[in-house]
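Next come the chains, spelled out residue by residue.
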Amino acid sequence: KGFVEIMNNSLVPAHQSAIIESKQSNETNQVKVLNPLSQELNAMRQTLLYGVLNVVEHNQNRQQTNLKLLEFGKVYHKYASGYVENKRLLLAISGKQAADHWNGSQASADFFQIKGILIALLSRLGLQQFAQERPLENELLAEGTEWYILKKRVASIGWLPNKLLQHFGLKQQVFAADIDWDALFEAIPMVKTLYKELPKTFAVRRDYSMLLK
């Protein structure tokens, strides 16, 4: 889909939970490093969004404003039951939908573009028929929708709140999809895969000309 993969450090500053605060990202559930190298690397990340927004800011400050970014990675939380690692996929788009071209579209990225990409991913995995869309209840994003499979949330999509845009100095809206990759693969066994035997002979194409009384 034209996305560029990025990789960020799993270690982040502990104060990032106050910047990006949600049910999944807060100081209570944060995993802190006992002997950190610095104050900028003293906690494990609770969301991939912090690193992605730093990349968007870095590119924007260098006149690279049309972005389609993806990152695979784990997030880390501490609960009463123990430590939890969760693999996630985060997609982010900003700027124009297509590269500048004299005859191309000048439409800006929007919510429906990121939604279409999520639907394409679910369709490719065979899970679209099981997915249900609900109003967003996640403080990580300002507005958007959540997607569930078997009553388990597998993705949240929407756009960023103004406070995050201002904190990172972003001048244009960023649309994101936060996907629970582990939850998606737990649902994969529901998909019935059909196989068709390969033909034993080569394909033949002929034209027939017949003369009949």
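Use the structure listed above.
Residues numbered from 1 in each chain as written. Predicted model: local features only at pLDDT ≥ 70, side-chain atom pairs only at ≥ 80, totals over all residues. Heavy atoms only, no water.

**Q** Explain the pattern of salt bridges residue by residue, including any values.
**A** For the structure on display, the rule yields seven salt bridges. Here Lys74 makes a salt bridge to Glu85, at a shortest N to O gap of 3.2 Å. Of this pair, Lys74 sits in strand E4 (residues 67-79) while Glu85 sits in strand E5 (residues 82-94), and the two are eleven residues apart along the sequence. Note on Lys74: relative accessible area 37%, which makes it partly exposed. For the salt bridge of Glu186 with Lys152, the shortest nitrogen-to-oxygen distance reads 2.9 Å. With a gap of 34 residues between them, Glu186 in helix H5 (residues 181-187) and Lys152 in strand E8 (residues 152-159) connect regions that are remote in the sequence. Residue classification places Glu186 among the exposed positions, given a relative accessible area of 53%. What you see here is one network of salt bridges that share partners, running through Arg88, Asp178 and Asp180. (Salt bridge = Lys/Arg side-chain N within 4 Å of Asp/Glu carboxyl O. Helix = DSSP H or I, 4+ residues; strand = E, 2+ residues; numbered from the N terminus. Buried < 20%, exposed > 50% of the residue type's maximum accessible area, 1.4 Å probe, protein only.)

**Q** So what about the packing of aromatic side chains? Which residues, and what values?
**A** Counted according to the given criterion, the structure contains six aromatic pairs. Taking 5.1 Å as the distance between ring centres and 80° as the angle between the ring planes, the aromatic pair formed by Phe72 and Trp181 counts as edge-to-face. Here the residue Phe72 occupies a position in strand E4, and Trp181 occupies one in helix H5, the gap between them amounting to 109 residues. Taking the centre distance of 5.6 Å and the plane angle of 75° together, the rings of Phe111 and Phe112 count as edge-to-face. For Phe111, a relative accessible area of 12% corresponds to the buried category. Of the residues examined, Phe112 reaches a relative accessible area of 61% and is grouped as exposed. An aromatic cluster of at least three residues, connected via ring pairs, comprises Phe111, Phe112, Trp159 and Phe175. (Phe/Tyr/Trp six-rings, centres within 6.5 Å; stacked < 30°, edge-to-face > 60°.)

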